[in-house]
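Below, each chain spelled out in residue letters.
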Amino acid sequence: MIQFQYTRATAAKAALDAISRDKTAMFIAGGTNLVDLMKRGIVSPERLIDISRLPLTDITTEGKSLKIGSLALNSTVAENKTVQQKQPLLVQALNAGASAQIRNMATVGGNMLQRTRCHYFYDTALPCNKREPGSGCGALEGFNRMHAIFGFSEKCIAVHPSDMSVALVALDATVVVDGPKGQRRIPFIDFHRLPGDRPEIDTNLLPGELILGVEIPDNRFAKNVHYLKVRDRASYAFALVSVAAALQIEKKVIRDARLALGGVAHKPWRLSEAERALVGKPVSESTFREVAQLAMKGAKGFKYNEYKLKLTPNAIIQALKVASKLV
Amino acid sequence: MKFFDKVIGDPMNRVDGKLKVTGAARYSAEYQLPNLSYGVVVSSTIAKGRIRSIDSRAALRAPGVIAVISHENAIKVPGWADNEHPTEPPTGGRPLRAFYNNRVYSNGQPIAIVVADTYERARHAAMLVKAEYEEEKHETNFEKNKGKAVVPAVVKKNPKSGLADYERGKADAYKTASVRLEAEYVHPSEVHNPMELQAITAYWEADDKLIVYDKVQGTKPTQQAFANEWKIPVQNVRVISEFVGGAFGNGLHNWPHETAAIIAAKMVKRPVKVMLTREQMFFMVGYRPYTWQKIGIGADKDGRLTGIYHEAIGQTSSYEEFTESTLQQSKMMYTSPNIGTKYRLLPLDVSTPIWMRGPGEATGAFALESAIDELAFALNIDPVQLRLMNHTDTDPEKNLPWSTKYLKECIQVGAEKIGWSKRSLKPGGVRSGEWLVGYGMGVGTFGAHRGAAAVRAKLLANGSVVFQSAVTDIGPGTGTAMVQIASEHLGISPEKITFQLGNSDFPQAPNQGGSATVATVGSAVVATCQAMKERLLEMAPSADKRFANLKLEDVTFDKAHLSITRSPSVKVAYTELLKKQNLTELDVLQDSKPSQEASKYSRYSFSVHFAEVHVHPMTGQVRVKKVVSCADAGTIVNKKTAANQMIGGVTGGIGMALQEDAVMDHRFGRYVTKDLADYHVPVHADVPPVEVYFVDKPDYIVDPMGTKGLGEIAIIGVAPAITNAIFNATGKRIRELPVTPDKLI
Amino acid sequence: MSKINSRDQQSGESKSDSRRDFLKQSAVLTGAVLTPSIALKAAEAQWDEKLAEALEKIPLKLEVNGVSKSLMVEPRVTLLDLLREQLNLTGTKKGCDYGQCGACTVHVNGTRVLSCLTLAVMQDGRKVTTIEGLAEGDQLHPMQEAFLKHDGFQCGYCTPGQIMSAIACIREGHADSEEEIREYMSGNICRCGAYPNIVNAIVEVKKGGKKV
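Since the structure is predicted, the reported quantities are computational estimates derived from the model, not experimental observations.

Some thoughts on the overall build of chain C
At step 1: Tallying secondary structure elements over chain C gives nine helices and five strands in all.
At step 2: Along chain C, from the amino end to the carboxyl end, the secondary structure elements read α-α-α-α-β-β-α-β-β-β-α-α-α-α.
At step 3: For chain C, buried positions account for 58% of its 212 residues.
At step 4: Total accessible area on chain C is roughly 8,400 Å²; 50% of this is exposed by carbon and sulfur atoms.

Below, the structure written as C-alpha cells:
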C-alpha cells in the first residue's frame, strides 16, 4: 500500500470539492473493499477522502418511497424496523452478504461500488482487463467457475459480488448522486455497467460523483419475497448464483413480480421479461419452471461454470416457490 | 463395554486457557524485541525458470527501507552444499534454499525479502521490487502428467519400505469376484491454513548465536536444522514456540521464509520479523497433495471380501520428495485373502507438500471407505454389516495381534447414536421437507506411535513443581494433558504444577505430529515422576526413619505427601524433605522410549464417523445436520480437550468433503483460489452439533498411561462418511472432492 | 543503517530520479502542508527519510481499553497493525489481513468491526475495546469464563476475535437460537474447529442473562 494523503470531509460539498481537485483521489467510507484492494496493490489512490462521517446515514420514508442514505451501514439498514416492514427482500439480501462485522462497517454506497471478486482481478501477477486494461482476461480461458453467464464480453467475464444490489435492482431503486454535473438520479438498473470494451469501468457513476443515497418506491411485495443465495458454504461466501424474488399474489394468482439474479453477470441481472411472464399466472411450480427457462435466454456457460446454466433456473424456481410459500 | 457419555462439562479446563481468552498468549510474531525490523517476502510470479535480474532500486529508495535481499546479494548459508540442484528428480531431493541461486522451481517461491523499519514501509517497498525472468516451460497439471508418475526414491533405496508395492495373495483377485467394482477417486490439493499466518522473528544475539521465535511443530528439530544450516553449535540456536496458532502439519518442515528471515537478520544486524500473507500460505509452507486413487474391490455374494487393489499417485515438487501412507488402511482394515497396493509420486513444478492432518491416511480412507460403501450398495448389504463382517481380529498385514482394538464397539455405538436404523438402504428414501436425507459412515485408523523424549521436573520449596519439555502445543492441549498426567503420577494437585514447553532450551521432544505427543511426552512425564518419587523416597528417612529400606511400591504418593501404604499415618510432605536436605529445589531429568514389548503387537487407534446429511435437490446445497464420532484411542487424559480435538477433526473433514480446493491455473502454474474468501474452510454455519464417544479402555502396550493417538483419527474417515451420506440421500456418487453444489444438481 | 545492495551503488543513478521517486511516494507533498520547493530542497539535502516520516504521520486520538492515546500515525496504518505493532496489544490477531477470517475483530464504540480493514486514522476520537480490555483485573468477562468452561478454542489464535464477536452477537440480539448464533458468528473462522463449543459458550452466557 502506497503512502497517501488523508483528508476527512465533514460536508458533502467539501468532499466533492476535494475530489474535483485531485484526480488521484478516491473516497473511502467503510473501507471493507478499498483497504483490501490497496493492500494488494490493485488500486493505489494517492489521496483518500474520508466521507464516513458525512451526514448521509438517515433512513426515512418520504411520500411513497423509502430513502436510505449512502453511508447508512449495511447492518443498520438490515436492522431498521421500517425497512424490515416495507422492504424485507432488501433485508434478506443484506443479511446474506459478508459477515456481521463487515455489515457493521460497509455502507450502502460502498456495497454498490464493491469490485468483482474475480481471482484474476485480485492477483496482480495474472492478466485482467479490469485491473490492467489490455492485459487480457485471465478468466475467459481460465478457472471461471464463479463467472458470468450473461452480458459478458471477450474482455471480461467477471461478476458483480453484491447481494444488496440484486435486491435493489429488483425493487426498482434509484441512486441519487451529486457531482460536477450537479445532482442526478440514476435508475438502479442503469447504475452498473456491462463490461463491453471497457471492463475497467464498473458503473455509470462519473468521476468526482458522490452517491447520496438510494430510493426505493413503495410496493406490495412485503408478504411474498425471498432472497436465495446458493454458495459453497452455508454462510460467509460469495454467491454461485443468487435470486431476488418478489411477488404480489392475490387469490393464488400473481399480480406483479420482480426478479433479479446475482453472481451471473457484471451487474445485478434484472429479469424483466420473466417478470412480465409471471404476471397473471397462477402460483404453481409449472409456472415457475416456464419462467425460469425464459430467464435463461441468452445465457452461455464457460468451461467451469456450465453448471450455472442448470443451477440458475433451479434457483429461480426455488426462490419463487419460497416467495410464494409453495414450500 | 462401557462408553463415556457425550462429553460435557467437568473435565479440567486448559492450563493455558486464561492466557488464550485474555489475549495474553504470545505467538511467534508477537515478541516486541528492541530495534525490531520488518521483513516482507517477495514471491516469484512464474512457475519455472531463472531470475534474470532483480531491480530493487525503487524499493531501496522508499522511506524506511533497510535492505533488499535476494540471491544477488544474500550471504551464503554455510551449511548448504554447493551443488545447484538435484540432477534428475525425484531423488529424495532437498528443501528449497532461499536466495541460493537464480532458479525458480515453483510459482510463489520467495525470491527476495525487503526489510524496513515499519511493517507498512516494508510491505510497500516489497511491491516495488521488480524481477525479470527467463521463463521455462512448466508442468503443474497433475491429470495431464499422471502417466509420468515414478516409484518414490525412498522405495528405490529401501525395497522393504512401507511405500513399496504390496501384495498379499493376488493383487488383482478382485477382478474375478462375484460382485466387484473399480473406481477412481480424486482428492485436490488442500492447504492447512491455520488461523495464525506463518511467522518468525529472527535475531542474531552474536555472530554465532541465533534466537528465533518461530511457528513450528518442533523446537528441537528446528534447532538442529538451523544449527546445521549455519554450522554453529546446536546450543547456540534457541527456538521459541510457546504458542502456535494452529499448524495441522505445516510446522513439520522448515520453510524458505524462515531461512530468509534468518539471512536478513544476519545481514541487517537487528531482529527481523516476517509474517507471511495469506496468499503466501498457499505457495511456500506445504499442503495436502493432489492425489489420484484407483480401487478395485470384490466380494462374494454374502459380502465376504475376496480382494482389494488400491493404487495412489500423489503430487510432489521437482526438488523434494514428499511421501505419505495413503494406502496403509487398505492393507490392514479388512479381512481379505487378496490385497494389492501401489504408490507412486508425480513430481511437478510446484512447491513441496507436507503432512496435513490425518495425512495420507485421510486421503486413502476417502477412497477405501467410499469403495466399501459402493460395494455394500452393490451387494445390497448394510454398510455397517459389511464392515463388521470383514472386521480383522488380528493385523493381517503384520501377522500380529492388535495391542487393543475396539472398533466393533465403536461402530455399534455410533450406529445407534446417529439413528442408523432410520437409514434407507435405497438412496433417496428419506426426506425432511424438500431436503433429501442421507446417512453415511467412514472408518479411520492411524498408527499408535510413540517416540523418545525427556522431561525435566523441578520440585520447589513452596511445593510447586515445574515441568519442562521442548515439545510444542499447536492446539490439542498438550500442556493441560501433561499437567494431568504429572498430577496423577506425582500425587500433586494440578494447580501446583506448571508445564513449560515450546522452547528448545528444554529437554528433548520430537515434533508434535503423527498423534504421538501424549504417548511420547506423557511417557517421559511418567518416567520423570517415577524418578522424582525415587529421589523423594531416598530422602524420606531423613524426616522419618521408618521410610528407610522401603521400596516404591510400599509407599503412597498423594496430596504432596509420602506415606507408608500399610501404615498411612506415617507420612511426610515433599517440601519437608527439601527442607531437611537444605535444598531449594529438587531437579530431576528423565528420558523415556518405547518398550521392546510393544513391537510384538500391531498398534493402531481406530475411529468411526457417522454423518446425517441433508441435500437440497434443486440447489445442490449440502447441510451436515449431525455427526457422531466414536474413537478407540486408549485412555483419554482429558475428555474435554479430547472431545474438542475430535470435533475439530470432524470440522476438517467437513471442509475436505464439501469445500476445500486449492485450484491452480496451469497456464500460469499459479493458484487462483488462494485466500480465505476463495479457498473455503468451514464456518460456524457449516458445523452441526458433533457427538463424541470414547472407548474407555487403556492400551498399556503403547505407553504407561494407556493412551493411543487421537489427532489424526479425528479426521480420517470423516469425508467418506459425508460423501457416503450424500450418496444415500441422492444416489449420486461423487468421487472427486470437494462435493460442491454444482456437482449435485 | 546503510542499505545493502551493491547493484544499486553501481547503477550510478541520478539524484533527480531519486527525487522524483520520493515525490511520488511522499504523497503528502502534493498537499498544502509543504510547498514542493521546500520539499525539493529537503530531498536534495537528503533529509528525505526523516522528513517523510514526520510529514506522513498525522495525529490520532483514540481511547483504547479505557486509556486515552494521542498518537501520530501514517494514514495507511490499519487499526490492527496499530494495535499489534505500535501499542503492543497483540491479543488482536492477524489471520488473513483481508477481512476473511474475523480474527482481528474488535469493538469500536461498542460495535464489532474488523480492525484489519479499518484505517486507524478513520477512528479518530472513538473508543476501541480489544480482548485485553474485557477483564476487570483478575475478574474475567463472562464470555471469557464461558469459553474456558466450554473449551471454545484449541490453538487460541482465533479466540480473541471469537470472544469479541460473541459478545457483540448477544448485544445485537442475534443469539436467540443455536442456528442464529451459528449464522451471526460465521464471520469468525476457527480452523481447529471448536465451533460447537463456542456456540455452547454463547448459549450459556446468553441464558445467564448478565449484561455483556
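That was the structure; now back to the text.
Concerning the interface of chain C and chain A
At step 1: Counting residues at the interface gives 41 residues for chain C and 35 residues for chain A.
At step 2: Together, the buried faces of chain C and chain A total about 3,100 Å²; carbon and sulfur atoms form 52% of this surface.
At step 3: When the buried surface of chain C facing chain A is broken down by residue, C:Arg76, C:Leu117 and C:Met122 rank first, second and third, together holding 22% of it.
At step 4: Taken together, chain C and chain A are joined by two salt bridges.
At step 5: Across the salt bridge formed by C:Asp97 and A:Lys39, the nearest N and O atoms sit 2.8 Å from each other.
At step 6: Linking chain C with chain A are 15 residue pairs in polar contact (both at pLDDT 80 or more), by the criterion used here.
At step 7: Broken down by secondary-structure element, the contributors of at least two residues to the side of chain C that touches chain A are α2 (15-25), β4 (111-114) and α8 (178-184) of chain C.
At step 8: A per-element tally of the side of chain C that touches chain A places β4(C) first, with four residues.

Considering the sheet that holds strand β31 (residues 690-694) of chain B
Residues and elements named next belong to chain B.
At step 1: The strand order across the open sheet formed by five strands is β18-β19-β27-β28-β31, and the pairing between neighbours is mixed. The strands lining the two open edges of the sheet, one partner per strand, are β18 (430-432) and β31. Neighbour-to-neighbour, the strand axes of this sheet turn through a mean angle of 25 degrees, independent of strand direction.
At step 2: Sitting on the sheet, helix α12 (residues 407-418) touches β19 (435-447), β27 (604-615), β28 (622-632) and β31, and the angle it makes with β28 is about 150 degrees.
At step 3: The sheet contacts of helix α17 (residues 718-730) involve β19, β27 and β28, and relative to β19 the element is tilted by about 155 degrees.

With respect to the pairing of strand β25 (residues 567-573) of chain B
All names here are of chain B.
At step 1: With four bridges connecting them, strand β24 (residues 561-564) and β25 associate as antiparallel partners. Paired with Leu562 across the strands is Val572, a residue of β25.
At step 2: Joining the antiparallel neighbours β24 and β25 is a turn of two residues.

Side note on the pattern of salt bridges
At step 1: Counted by the stated rule, this structure contains 72 salt bridges over all chains.
At step 2: We note a salt bridge from B:Glu30 to C:Arg84, for which the minimum N-O separation is 2.8 Å. A residue pair is termed interchain when its members come from two chains, as with B:Glu30 in the loop between α1 (17-21) and β1 (37-43) and C:Arg84 in helix α5 (residues 79-86). The burial state of B:Glu30 is the same as that of C:Arg84; both residues are buried.
At step 3: One salt-bridge network, held together by shared partners, links A:Asp36, A:Arg40, A:Arg117, B:Glu279 and B:Asp675.

Looking at helix α12 (residues 308-323) of chain A
All names here are of chain A.
At step 1: Here α12 contains 16 residues, and its C-alpha end-to-end distance of 21 Å stays within 8% of the 22 Å for a straight helix at 1.5 Å per residue.
At step 2: Most of α12 is tucked away: 13 of the 16 residues are buried.
At step 3: Trailing α12 by a residue or two, Lys325 shows a phi angle of about 60 degrees, which is positive.

Describing the domain arrangement of chain C
Residues and elements named next belong to chain C.
At step 1: Partitioning chain C into structural domains gives domain 1 (6-56), domain 2 (58-97 + 104-130) and domain 3 (142-208).
At step 2: Taken residue by residue, the interface counts 11 residues in domain 2 and 13 residues in domain 3.
At step 3: Looking only at domain 2, the three residues that lose the most surface to domain 3 are Thr105, His107 and Arg112, adding up to 59% of its buried area.
At step 4: Counting across the interface, domain 2 meets domain 3 through one salt bridge.
At step 5: Between Arg112 and Glu172 there is a salt bridge; the shortest N-O distance is 2.8 Å.
At step 6: Put simply, domain 2 and domain 3 have seven residue pairs in polar contact (both at pLDDT 80 or more) between them.
At step 7: Each residue belonging to the side of domain 2 that touches domain 3 can be placed in one class, and the counts come to no nonpolar, seven polar and four charged.

Description of the packing of helix α13 (residues 478-490) of chain B against helix α14 (residues 517-539) of chain B
Residues and elements named next belong to chain B.
At step 1: Their axes nearest at 9 Å, the elements α13 and α14 cross at an angle of 30 degrees. Judged on the interaxial angle alone, α14 and α13 are roughly parallel. Note on packing geometry: the crossing formed by α13 with α14 is right-handed. Contact residues: Thr478, Ala481, Met482, Ile485, Ala486, His489 and Leu490 in α13; Thr517, Val518, Val521, Gly522, Val525, Val526, Cys529, Met532 and Lys533 in α14.

A look at helix α10 (residues 359-379) of chain B
All names here are of chain B.
At step 1: With 21 residues, α10 extends 31 Å from end C-alpha to end C-alpha; this agrees with the ideal 30 Å at 1.5 Å per step.
At step 2: Ala365 marks where α10 bends most, by close to 30 degrees.
At step 3: Of all the 21 residues making up α10, 19 are buried; the element is thus mostly covered by neighbouring parts of the structure.
At step 4: After α10 finishes, the residue Asn380 shows a positive phi value of roughly 60 degrees.

A word on unusual backbone geometry
At step 1: In this structure, the amide linkage connecting B:Leu737 to the following residue, B:Pro738, adopts the cis form with an omega of -5 degrees.
At step 2: The topology assignment puts B:Pro738 in the segment after α17.
At step 3: In the Ramachandran plot, A:Ala98 falls in the positive-phi region, its phi being about 50 degrees despite a non-glycine side chain.
At step 4: Take A:Ala98: it is sitting in the loop between α5 (88-96) and α6 (100-105).
At step 5: Positive phi outside glycine occurs at B:Asn35, with the angle close to 65 degrees.

Some thoughts on the confidence of the model for chain C
At step 1: Residue-level pLDDT values for chain C average 83, and 74% of them are 70 or greater.
At step 2: Of the regions scoring below 50 in pLDDT, residues 1-47 of chain C engages in 78 contacts with residues more than four places distant in sequence or in other chains.

A look at the nonpolar core
Inside soluble globular proteins, nonpolar side chains tend to come together where they are buried.
At step 1: Counting residues in each nonpolar core, the largest one holds 251 residues, and the members touching the most others are B:Phe610, B:Ile722 and C:Leu82.
At step 2: Per-element accounting of this core gives the leading share, 10 residues, to α10(B).
At step 3: Look past the residues within four positions of C:Leu82 in its chain and what remains in contact with it is C:Leu60, C:Leu62, C:Leu71, C:Val73, C:Val77, C:Leu87 and C:Ala120.
At step 4: In terms of nonpolar packing, the next biggest core, distinct from the first, is built from 44 residues, B:Phe506, B:Leu562, B:Val588 and B:Met705 among them.

Observations regarding the packing of aromatic side chains
Residue and element names in this part refer to chain B.
At step 1: Counting across every chain of the model gives 25 aromatic pairs over all chains.
At step 2: Ring plane angle 50 degrees and centroid distance 5.7 Å describe the contact between Tyr27 and Phe243, whose orientation is recorded as tilted. Residue Tyr27 is found in the loop between α1 and β1, and its partner Phe243 is found in the loop between β11 (237-240) and α7 (256-268); the two are separated by 216 residues along the sequence.
At step 3: Overall, Phe243 belongs to the buried group, its relative accessible area being 11%.
At step 4: Summarising the aromatic geometry, the rings of Trp204 and Trp230 are spaced 5.2 Å apart at their centres and angled 75 degrees between planes, so their arrangement reads as edge-to-face. A residue pair is termed long-range when its members are at least 10 positions apart, and Trp204 in strand β9 (residues 199-206) and Trp230 in helix α6 (residues 219-230) qualify at 26 residues. Accessibility classification places Trp204 together with Trp230 in one group, the buried group.

Things to note about the side chain of C:Thr159
At step 1: Topologically, C:Thr159 is positioned in helix α7 (residues 159-171).
At step 2: Note on C:Thr159: relative accessible area 1%, which makes it buried.
At step 3: If we ignore the near neighbours within four places in the chain, the residues touching C:Thr159 are B:Lys20, B:Val21, C:Phe147 and C:Phe153.

How each quantity is defined
Residues numbered from 1 in each chain as written. Chains lettered and ligands numbered in written order. Predicted model: local features only at pLDDT ≥ 70, side-chain atom pairs only at ≥ 80, totals over all residues. Heavy atoms only, no water. Helix = DSSP H or I, 4+ residues; strand = E, 2+ residues; numbered from the N terminus. Buried < 20%, exposed > 50% of the residue type's maximum accessible area, 1.4 Å probe, protein only. Areas by Shrake-Rupley, 256 points an atom, 1.4 Å probe, with all protein chains shown as cover. Contact = heavy atoms within 4.5 Å. Buried area = accessible area lost by both parts, 1.4 Å probe. Salt bridge = Lys/Arg side-chain N within 4 Å of Asp/Glu carboxyl O. Polar contact = N/O pair within 3.5 Å; in protein donor to acceptor, adjacent residues only side chain to side chain. Pairing = 2+ DSSP bridges. Axes fitted to C-alpha atoms, helices over the stretch in contact; angles between N-to-C directions. Expected span 1.5 Å × (residues − 1). Domains from an automatic or database assignment. Nonpolar A, V, L, I, M, F, W, Y, C, P; charged D, E, K, R; others polar. Parallel < 35°, antiparallel > 145°, perpendicular 65-115°, else oblique. Left-handed = near helix turned anticlockwise from the far one by under 90°. Bend = angle between axes of the 7 residues up to and from the residue. pLDDT = per-residue confidence, 0-100. Core = buried A, V, L, I, M, F, W, Y, C linked by side-chain atoms within 4.5 Å. Phe/Tyr/Trp six-rings, centres within 6.5 Å; stacked < 30°, edge-to-face > 60°.

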